[in-house]
Amino acid sequence: VGSQGTWRVNYRLGDDLVIRLPRVPDTGGLGRILEEGVLPRLAPLLPVEVPELVGLGQPAAGYPSSWGVLRWIDGDVPVEGELAEPDLLAGDLAEFLRALWNVDLPGEPSPGGQPLSTRHGFTLRTIQNVHGLIDTGTAAKIWDEALELPAWDRPDVWIHADLMAGNLITRNGRLAAVIDFDAAGPGDPSGDLIVAWMLLPASVRPAFRRASGVDDATWLRGRARALSLAMGHLDYYRDDLNPVMYDNADYTIREVLNDYYSAGER
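Okay, so let's go over this structure. (Residues numbered from 1 in each chain as written. Predicted model: local features only at pLDDT ≥ 70, side-chain atom pairs only at ≥ 80, totals over all residues. Heavy atoms only, no water.)

On a plain count of helices and strands, the protein chain comes out with 9 helices and 8 strands. The globule rule puts the C-alpha radius of gyration for 266 residues at 18 Å, and the 18 Å found for the protein chain is close to it. Its C-alpha atoms give the protein chain principal-axis dimensions of roughly 55 × 35 × 35 Å. Going through the 266 residues of the protein chain one by one, you find that 48% of them count as buried. Considering only residue pairs separated by 6 or more positions, the protein chain has 72% of its internal contacts joining residues 24 or more positions apart. Surface summary for the protein chain: the accessible area is close to 12,600 Å², and the carbon and sulfur share equals 51%. Between the mean site of the 23 positive side-chain charges and the mean site of the 38 negative ones, the protein chain shows a separation of 2 Å. (Helix = DSSP H or I, 4+ residues; strand = E, 2+ residues; numbered from the N terminus. Rg over C-alpha atoms; globule rule 2.2 N^0.38 Å. Buried < 20%, exposed > 50% of the residue type's maximum accessible area, 1.4 Å probe, protein only. Contact = heavy atoms within 4.5 Å. Areas by Shrake-Rupley, 256 points an atom, 1.4 Å probe, with all protein chains shown as cover. Lys, Arg positive; Asp, Glu negative; His and termini not counted. Charge placed at Lys NZ, Arg CZ, Asp CG, Glu CD.)

Applying the stated criterion across every chain yields a total of 14 salt bridges. The closest approach of N and O atoms between Arg20 and Asp180, which form a salt bridge, is 3.2 Å. In this pair, Arg20 sits in strand β2 (residues 17-22) while Asp180 sits in the loop between β7 (174-178) and β8 (185-187), placing the two residues 160 residues apart along the sequence. On the basis of relative accessible area, Arg20 is assigned to the buried category, the value being 10%. Given a relative accessible area of 18%, Asp180 falls into the buried group. Linking Asp259 and Arg223 is a salt bridge whose minimum nitrogen-to-oxygen distance equals 3.3 Å. Here the residue Asp259 occupies a position in helix α9 (residues 243-262), and Arg223 occupies one in helix α8 (residues 216-236), the gap between them amounting to 36 residues. By relative accessible area, Arg223 is classed as buried at 4%. Each of Arg8, Arg20, Asp180 and Asp182 takes part in a single network of salt bridges with overlapping partners. (Salt bridge = Lys/Arg side-chain N within 4 Å of Asp/Glu carboxyl O.)

Going through the model one piece at a time under the given rule, you end up with 3 aromatic pairs. Seen in terms of ring centroids, Trp197 and Trp219 are 4.6 Å apart; in terms of plane orientation they differ by 50°. Their pairing is tilted. Here the residue Trp197 occupies a position in helix α6 (residues 195-198), and Trp219 occupies one in helix α8, the gap between them amounting to 22 residues. Taking 6.2 Å as the distance between ring centres and 50° as the angle between the ring planes, the aromatic pair formed by Phe208 and Trp219 counts as tilted. Pair noted here: Phe208 is in helix α7 (residues 205-212) and Trp219 is in helix α8, with a separation of 11 residues, a long-range link. In this pair, the class of Phe208 matches that of Trp219, namely buried. Taken together, the ring pairs in this structure connect Trp197, Phe208 and Trp219 into an aromatic cluster. (Phe/Tyr/Trp six-rings, centres within 6.5 Å; stacked < 30°, edge-to-face > 60°.)

Bringing the packing of helix α4 (residues 120-129) against α8 into the picture now. Packing of α4 against α8 leaves a shortest axis separation of 9 Å and a crossing angle of 50°. Considering their axes alone, α4 and α8 lie oblique with respect to each other. Once α4 is placed against α8, the crossing between them reads as left-handed. Across the interface between the two elements, Phe122, Thr123, Thr126, Ile127 and Asn129 of α4 pack against Ser228, Met231, Gly232 and Asp235 of α8. Of the residues that constitute the contact of α4 with α8, the class distribution is 3 nonpolar, 5 polar and 1 charged. (Axes fitted to C-alpha atoms, helices over the stretch in contact; angles between N-to-C directions. Parallel < 35°, antiparallel > 145°, perpendicular 65-115°, else oblique. Left-handed = near helix turned anticlockwise from the far one by under 90°. Nonpolar A, V, L, I, M, F, W, Y, C, P; charged D, E, K, R; others polar.)

Here you go:
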């Protein structure tokens with residue numbers, strides 16, 4: 001499969017299956033959500049398709065991780081700046097999030113739903129590393145102001161925690177599936193709002209926010225998470241390791257900064 005993630009690689013197996021392999025030994029194998037059978041319990045509660053595991057391989061013969069065979073989900077990976085139906089896709093994403101956030105299942109906490117403060121050291125290092133590539137002064141302001149916002153103080157909700165373009169499948173511009181639930185679990189819903197800046201254009205962002213029903217503090221924590229993640233990708237992939245991820249990081253940072261400027265927060 002042409003577009004790959006940071007921790008997993010996928011290979012087609014005939015027309016209907018895909019092999020999913022960890023590419024780094026210490027990343028926890030295939031992922032606990034798939035391996036522990038959580039996704040079949042989530043699937044009927046969500047409005048779009050999710051991955052279906054049909055076979056689980058165990059570490060052996062020099063390969064140190066578990067791996068899986070999944071059903072292939074046909075469709076397209078959306079590309080930032082090239083959405084066919086951005087308003088409809090924004091509504092679909094909000095519908096998916098409302099359903100996911102209302103899931104009532106036990107689960108391990110999501111690392112992507114932890115308080116912003118857990119990313120503070122990483123974000124400061126990354127701001128230093130991308131100095132000269134972006135407006136790091138404004139990036140630092142956005143991050144610092146987000147840290148001063150009220151933290152999530154309600155019961156954690158189920159979140160995907162990696163809702164970027166590469167983990168979405170569309171058909172005819174509409175959301176058809178969400179994949180890669182490796183980081184999913186209970187947490188702060190702002191962890192799922194990254195998609196607003198990592199994929200959606202500014203023109204549909206207000207409608208997406210209204211449809212998702214989040215408060216001001218949660219929305220701005222989501223913006224800060226998107227910025228932190230994108231700066232990390234810009235730094236990590238700057239040597240052409242993954243042009244798709246690098247371009248998405250560049251897009252995301254520009255969207256976050258323009259959002260900040262247009263709101264008069266500068």
